[in-house]
Amino acid sequence: QVQLVESGGGLVQAGGSLRLSCAASVSTFRIGTMAWYRQAPGKQRELVATMASNGTTNYVESVKGRFTISRDNAKNTVYLQMNSLKPEDTAVYYCKYTYGTTKQYWGQGTQVTVSS
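On a predicted model such as this, the values are computed, not experimentally measured, just so you know.

## Digging into unusual backbone geometry
Stage number 1. Of note, Asn76 is a non-glycine position whose phi angle comes to about 50°, a positive value.
Stage number 2. Position of Asn76 among the secondary structure elements: in the loop between β7 (67-72) and β8 (77-82).

Next comes the structure, spelled out in C-alpha cells:
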C-alpha cells in the first residue's frame, strides 16, 4: 500500500515562507514523477509544480520565482519551498506520485493559510 504523507503546512503572514514535505512509502520513488497541487475553497484543484525523475521541473506561472520543488531520493521525500507567500496561496496542498501511465497516488493534504 503506497502512502504519501504531507507535512509543514500552517498559518503564515503574507511575505513569509513555509516548506512542505511529502514522504512516500514506495520503492520506485526515484523513477517516478512528483508533483504538488493545491485546492482553494470553491476552486478546482490546480497543479503547482512538478519534478520528474531526471530533475526537470515545471511551475504554474503564479508561483514562478517564489516556489521551489525539490526531492531527496534517499529519503523518498519531495519538498515545496514557498517564499513570498500571498493570501491567494491559501489552499490545501497535496502531493502526488506518478509512475508510468497507470499508477498515481495522492497524499491527504496539508492546509496552508496566508494572512494579509
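## Description of the sheet that holds β8
Stage number 1. Spatial ordering of the open sheet is given by β1-β3-β8-β7, a layout of four strands whose pairing is antiparallel. The open sheet is flanked by β1 (4-7) and β7, the only strands paired with a single partner. Strand-to-strand twist in this sheet, taken as the mean axis angle between neighbours without regard to direction, amounts to 15°.
Stage number 2. In this sheet, strand β3 (residues 18-24) lies alongside β1 in antiparallel orientation, the contact comprising four bridges.

## As for the packing of aromatic side chains
Stage number 1. Across all of its chains, the model carries three aromatic pairs by this definition.
Stage number 2. Ring centres 6.5 Å apart and planes at 85° place the aromatic pair Tyr94 and Trp106 in the edge-to-face group. Taken together, the residues Tyr94 in strand β9 (residues 91-99) and Trp106 in strand β10 (residues 103-106) connect sequence positions 12 residues apart.
Stage number 3. On the basis of relative accessible area, Trp106 is assigned to the partly exposed category, the value being 32%.
Stage number 4. Put simply, the rings of Tyr37, Tyr94 and Trp106 touch in pairs and so form one group of aromatic residues.
Stage number 5. Over the aromatic face of Trp106 sits the side chain of Arg45, whose NZ or CZ is 4.7 Å from the ring centroid.

Thresholds applied
- Along each chain, the written sequence defines residue order, and numbers are assigned to residues from 1.
- A pLDDT threshold of at least 70 governs which residues receive local features in this predicted model, and a stricter bar of 80 or more applies before side-chain atom pairs are shown or counted, although totals over entire chains, interfaces and linings include all residues.
- As a convention, hydrogens and water are excluded, and side-chain values are obtained from all of the structure's heavy atoms.
- Helix and strand definitions follow DSSP, with helices as H or I runs of at least four residues and strands as E runs of at least two, each counted in order from the N terminus.
- The pairing criterion for strands is at least two bridges between them, as found by DSSP.
- Working convention: axes come from line fits to C-alpha atoms, limited for helices to the stretch in contact. Angles between N-to-C directions cover 0 to 180 degrees.
- Two rings from Phe, Tyr or Trp (for Trp, the six-membered ring) form a pair when their centres sit within 6.5 Å of each other. Planes less than 30 degrees apart are called stacked, planes more than 60 degrees apart edge-to-face, and all others tilted.
- Exposure is judged per residue with a 1.4 Å probe applied to protein chains only, and the accessible area is read against the type maximum: over 50% gives exposed, under 20% gives buried, and values in between give partly exposed.
- Throughout this description, the term charge over a ring refers to an Arg CZ or Lys NZ atom that lies within 6 Å of the ring centre and within 35 degrees of the ring normal.

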